[in-house]
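Single-letter residue listing:
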Amino acid sequence: WHRDLMRRALGYATEPRKIAKTGDQSFFGVGVPAISGRSEFSHELVERWHGAVLAPWYQSADDTMDVADRQVLAQDLRMTLAYAWELATRPLLPYDFRDPARILRDALEGYREAADDSLGLDETVALARELEDAAAALWERGAALADRLDAGDASAELGESAARLNAGLKELSRLLIPTLNSVVGRYGQDSYGLTALRHWVPSLAGVGVLKGHERLSGEHMLWWGKLVRERNRVTDTVAAALAVARALAAEQEAGR
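Residues numbered from 1 in each chain as written. Predicted model: local features only at pLDDT ≥ 70, side-chain atom pairs only at ≥ 80, totals over all residues. Heavy atoms only, no water.

Asker: Give me the lowdown on the overall build of the chain, citing residues and values where you can.
Answerer: Within the chain, the regular secondary structure consists of seven helices and zero strands. Put simply, the chain runs from its N terminus to its C terminus through helices and strands in the order α-α-α-α-α-α-α. Burial status across the chain gives 36% buried among its 256 residues. Expressed as a percentage of contacts within the chain between residues at least 6 apart in sequence, the contacts between residues at least 24 apart total 69%. Approximately 15,400 Å² of the chain is accessible, and the part contributed by carbon and sulfur atoms is 54%. (Helix = DSSP H or I, 4+ residues; strand = E, 2+ residues; numbered from the N terminus. Buried < 20%, exposed > 50% of the residue type's maximum accessible area, 1.4 Å probe, protein only. Contact = heavy atoms within 4.5 Å. Areas by Shrake-Rupley, 256 points an atom, 1.4 Å probe, with all protein chains shown as cover.)

Structural data, given as structure tokens:
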């Protein structure tokens with residue numbers, strides 16, 4: 001959606017990146033998605049500024065109108081307006097869970113390799129693979145519904161189907177975004193700059209510590225207890241997301 005919208009709004013497209021946890025991403029824990037279209041300074045400039053990615057004057061007394069590039073600002077505003085207009089007017093939310101499902105499965109497979117075999121991530125990985133297939137089926141069913149809506153079908157039945165699909169997509173978002181982006185989940189607030197947040201499924205980012213301690217040692221058992229709880233939380237969430245995705249896909253298939 002980002003790539004397509006950016007081409008239409010600006011005439012070119014860039015690859016999206018993982019949004020880092022900052023003060024503007026306070027709601028990952030409850031599964032609210034975020035997207036931000038903004039320009040960047042060149043790598044050479046950032047190096048010259050010793051890593052000041054938002055410029056050395058950012059949020060300082062020197063951050064005045066004379067340092068603003070009006071053309072760049074206009075470009076960023078066009079992108080922001082495009083996001084807002086699309087989200088406010090399109091009948092179906094542009095949620096595509098194929099990439100998140102793949103990212104989830106990749107992360108879990110990596111953690112399985114990083115941990116010792118005491119953690120037991122096989123079931124979690126298997127569920128993630130099933131979720132990947134379910135997300136692909138859901139996207140296909142949703143695309144068929146979108147085609148009918150784009151063709152001008154304004155029947156009440158189709159509108160109700162779109163509303164149910166949107167509700168289900170939000171439910172999937174509420175499940176997957178905290179798992180992919182939060183350590184503490186919906187009842188806490190992740191600390192800004194927390195190292196684990198650089199990784200997908202950050203609650204399991206420390207699994208490699210298990211290989212650093214002898215099995216049945218006190219240190220191993222302490223880490224194992226903590227990580228098993230996180231594994232269970234992730235496993236339950238993936239299973240719940242799989243059930244939602246399958247149910248949504250089946251409903252859309254039945255409504256064709």
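Asker: With reference to specific residues and values, describe the pattern of salt bridges.
Answerer: Scanning the entire structure with this criterion turns up 20 salt bridges. Among the charged side chains, a salt-bridge network with shared partners connects Asp-99, Arg-102, Arg-105, Asp-106, Glu-109, Arg-129 and Glu-132. (Salt bridge = Lys/Arg side-chain N within 4 Å of Asp/Glu carboxyl O.)

Asker: With reference to specific residues and values, describe helix H4 (residues 98-114).
Answerer: Along an α-helix, a turn takes 3.6 residues, which lines up residues three or four apart on a common side. End to end, H4 covers 24 Å across 17 residues, agreeing with the expected 24 Å (1.5 Å per residue, within 8%). Among the residues of H4, those classed as buried are Ala-101, Ile-103, Leu-104, Arg-105, Ala-107, Leu-108 and Tyr-111. Buried residues in H4 make contact with helix H5 (122-150), helix H6 (156-181) and helix H7 (218-254). (Expected span 1.5 Å × (residues − 1).)

Asker: Any chance you could break down the environment of Ser-182 for me, citing the residues and the numbers?
Answerer: Within the secondary structure, Ser-182 sits in the loop between H6 and H7. With relative accessibility at 1%, the residue Ser-182 sits in the buried group. For the pair Ser-182 and Arg-7, spaced 175 residues apart in sequence, the C-alpha to C-alpha distance is 31 Å. What Ser-182 contacts, discounting residues up to four positions off in sequence, is Gly-29, Ile-177, Asp-190, Leu-197, Pro-202 and Ser-203. Of note is the side chain of Ser-182, whose polar atom sits 3.4 Å from the backbone nitrogen of Val-184. (Polar contact = N/O pair within 3.5 Å; in protein donor to acceptor, adjacent residues only side chain to side chain.)

Asker: Tell me about the packing of H4 against H6, and name the residues and values.
Answerer: Relative to each other, H4 and H6 sit at 40°, their axes nearing to 11 Å. Of the possible angle classes, the one that applies to H4 and H6 is oblique. Both H4 and H6 take part in a crossing whose hand is left-handed. Contacts from Pro-100, Ile-103 and Leu-104 in H4 reach Leu-176, Thr-179 and Leu-180 in H6. Looking at the contact of H4 with H6 residue by residue, the class counts come to five nonpolar, one polar and no charged. (Axes fitted to C-alpha atoms, helices over the stretch in contact; angles between N-to-C directions. Parallel < 35°, antiparallel > 145°, perpendicular 65-115°, else oblique. Left-handed = near helix turned anticlockwise from the far one by under 90°. Nonpolar A, V, L, I, M, F, W, Y, C, P; charged D, E, K, R; others polar.)

Asker: Break down the side chain of Asp-76 for me, citing the residues and quoting the values.
Answerer: Looking at the element boundaries, Asp-76 is found in helix H3 (residues 70-89). It is Arg-38 that comes nearest to the buried, bridge-free Asp-76 among opposite-charge side chains, at 7.4 Å. Excluding residues that lie within four positions of it along the chain, Asp-76 makes contacts with Gly-37, Arg-38 and Ser-39. (Lys, Arg positive; Asp, Glu negative; His and termini not counted.)

Asker: Now, about the packing of aromatic side chains: what can you tell me, with residues and values included?
Answerer: If you walk through the whole model with that rule in mind, you get five aromatic pairs. Ring geometry for Phe-41 and Trp-57: centres 6.2 Å apart, planes at 90°, overall edge-to-face. With a gap of 16 residues between them, Phe-41 in the loop between helix H1 (2-10) and helix H2 (43-48) and Trp-57 in the loop between H2 and H3 connect regions that are remote in the sequence. Phe-41 sits in the partly exposed class, given a relative accessible area of 34%. Centroid distance Tyr-95 to Phe-97: 5.9 Å. Interplanar angle 85°. Geometry classified as edge-to-face. Relative accessible area serves as the criterion here: at 21%, Tyr-95 is assigned to the partly exposed category. (Phe/Tyr/Trp six-rings, centres within 6.5 Å; stacked < 30°, edge-to-face > 60°.)

Asker: Quick rundown of the nonpolar core? Include the residues and the values.
Answerer: Within soluble globular proteins, side chains that are nonpolar tend to cluster in buried spots. One finds Leu-104, Leu-131, Val-201 and Leu-204 to be the most contacted residues of the largest nonpolar core, which totals 42 residues. Elements supplying a minimum of two residues to this core: H4, H5, H6 and H7. When residues in this core are grouped by element, the largest group, ten residues, is from H7. Counting residues in each nonpolar core, the second largest holds six residues, with Met-6, Met-79, Ala-82 and Tyr-83 among its members. (Core = buried A, V, L, I, M, F, W, Y, C linked by side-chain atoms within 4.5 Å.)

Asker: Which residues make up unusual backbone geometry, and what are the values?
Answerer: If you check the backbone angles, Gln-59 has positive phi at about 55° while not being a glycine. Tracing the backbone shows Gln-59 in the loop between H2 and H3. With relative accessibility at 66%, the residue Gln-59 sits in the exposed group. Unusually for a residue other than glycine, Val-201 sits at a positive phi of about 50°. Given the relative accessible area of 0%, Val-201 is considered buried.

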